[in-house]
Amino acid sequence: MTKNTFWMEALKAGTIVGLVSVAFSIAVQAISGPMPESSWVKILNFVSVVVSILLVYGYTRRFAAMHTAEEGFSYGQGIKFILAMMLFVGVLSGIYSAVMANFFIKEELLESVDLIMAQMQDTIPADQFEAIYDSMRGAVINPFILTISSVISNLFTGLLFAVVVAGITRRQADIFATPEVKEEENHNDQE
């Protein structure tokens with residue numbers, strides 16, 4: 001298994017999982033509207049987590065099947081693959097968050113920061129309040145910060161998934177497996 005194959009498979013899987021995650025986020029955003037705590041939102045969030053876990057499991061199992069019986073597929077390889085996959089999921093989720101924060105829900109985010117900072121105004125020294133306030137308002141809509149925080153949170157989530165999924169998909173190398181003979185070598189032997 002080459003490094004190029006590893007990253008290409010992680011990219012493919014991460015893109016699919018990321019797009020599904022973004023689709024669920026769009027659905028939650030559309031449904032939540034005036035009632036963000038409705039039971040439909042909770043159900044959709046639960047379904048989103050279940051689907052994500054099943055996709056991570058399916059793609060990890062598929063990647064494990066690419067390894068020969070002689071190679072096996074270790075627990076560590078599973079964790080590495082899932083974390084690489086979740087890296088790409090985080091990038092897609094971060095791009096989605098940045099677009100939403102800057103073009104669709106910017107006012108709501110800034111109002112939330114204003115509300116939080118108004119509540120904290122008495123606890124923060126006056127000379128530092130303005131700097132903190134400005135940095136908070138900038139951070140909630142900064143695409144770079146949103147993407148990095150999404151990548152970090154998805155890597156953490158992926159690690160939680162990986163602990164279980166990598167254990168399920170691991171395979172010990174078969175010590176009695178015969179090495180696979182490549183088709184070209186087999187063809188040369190016949191001549």
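Shown above is the structure to which this text applies.
If you're wondering where the values come from, they're calculated on a predicted model, not measured in any experiment. (Residues numbered from 1 in each chain as written. Predicted model: local features only at pLDDT ≥ 70, side-chain atom pairs only at ≥ 80, totals over all residues. Heavy atoms only, no water.)

## Focus: the packing of aromatic side chains
With the rule as written, the count across this model stands at 7 aromatic pairs. Ring centres of phenylalanine 6 and tryptophan 7 lie 5.2 Å apart, and the angle between their planes is 90°; this geometry places the pair in the edge-to-face category. Put simply, the rings of Phe6, Trp7, Phe63, Phe73, Phe81 and Phe88 touch in pairs and so form one group of aromatic residues. (Phe/Tyr/Trp six-rings, centres within 6.5 Å; stacked < 30°, edge-to-face > 60°.)

## Things to note about the layout of surface pockets
Here the largest pocket defines a volume of roughly 270 Å³. Ser21, Ser52, Val89, Ser93 and Asn154 are the residues nearest the centre of the largest pocket, which is lined by 17 residues in total. Residue assignment for the lining of the largest pocket shows that the elements contributing at least two residues are helix H1 (3-32), helix H2 (39-65), helix H3 (75-104) and helix H6 (143-169). Across the lining of the largest pocket, the residue classes break down as 7 nonpolar, 10 polar and no charged. (1 Å grid on protein atoms, 1.4 Å probe; cavity = no way out; pocket = protein on both sides within 12 Å on 5 of 7 lines; lining within 4 Å. Points joined across faces, edges and corners; volume = space filled by probe spheres on them. Helix = DSSP H or I, 4+ residues; strand = E, 2+ residues; numbered from the N terminus. Nonpolar A, V, L, I, M, F, W, Y, C, P; charged D, E, K, R; others polar.)

## A closer look at a nonpolar patch on the surface
Where nonpolar side chains cluster on the molecular surface, the patch consists of Ile31, Trp40, Ile43, Phe46, Val47, Val50 and Leu54 and spans about 700 Å² of accessible area. Considering each element in turn, the nonpolar patch owes the most residues, 6 residues, to H2. Among the structural elements, valine 50 can be located in helix H2. (Patch = residues over 30% accessible without salt bridge, like charges linked within 9 Å, V, L, I, M, F, W, Y side chains within 5 Å. Areas by Shrake-Rupley, 256 points an atom, 1.4 Å probe, with all protein chains shown as cover. Salt bridge = Lys/Arg side-chain N within 4 Å of Asp/Glu carboxyl O.)

## A look at H2
Given a rise of 1.5 Å per residue, 27 residues ought to cover 39 Å, and the 39 Å separating the end C-alpha atoms of H2 matches this to within 8%. Of the positions making up H2, those classed as buried are Val41, Leu44, Ser48, Ser52, Val56, Tyr59, Thr60, Phe63 and Ala64. Buried residues along H2 sit in contact with H1, H3 and H6. (Expected span 1.5 Å × (residues − 1). Buried < 20%, exposed > 50% of the residue type's maximum accessible area, 1.4 Å probe, protein only. Contact = heavy atoms within 4.5 Å.)

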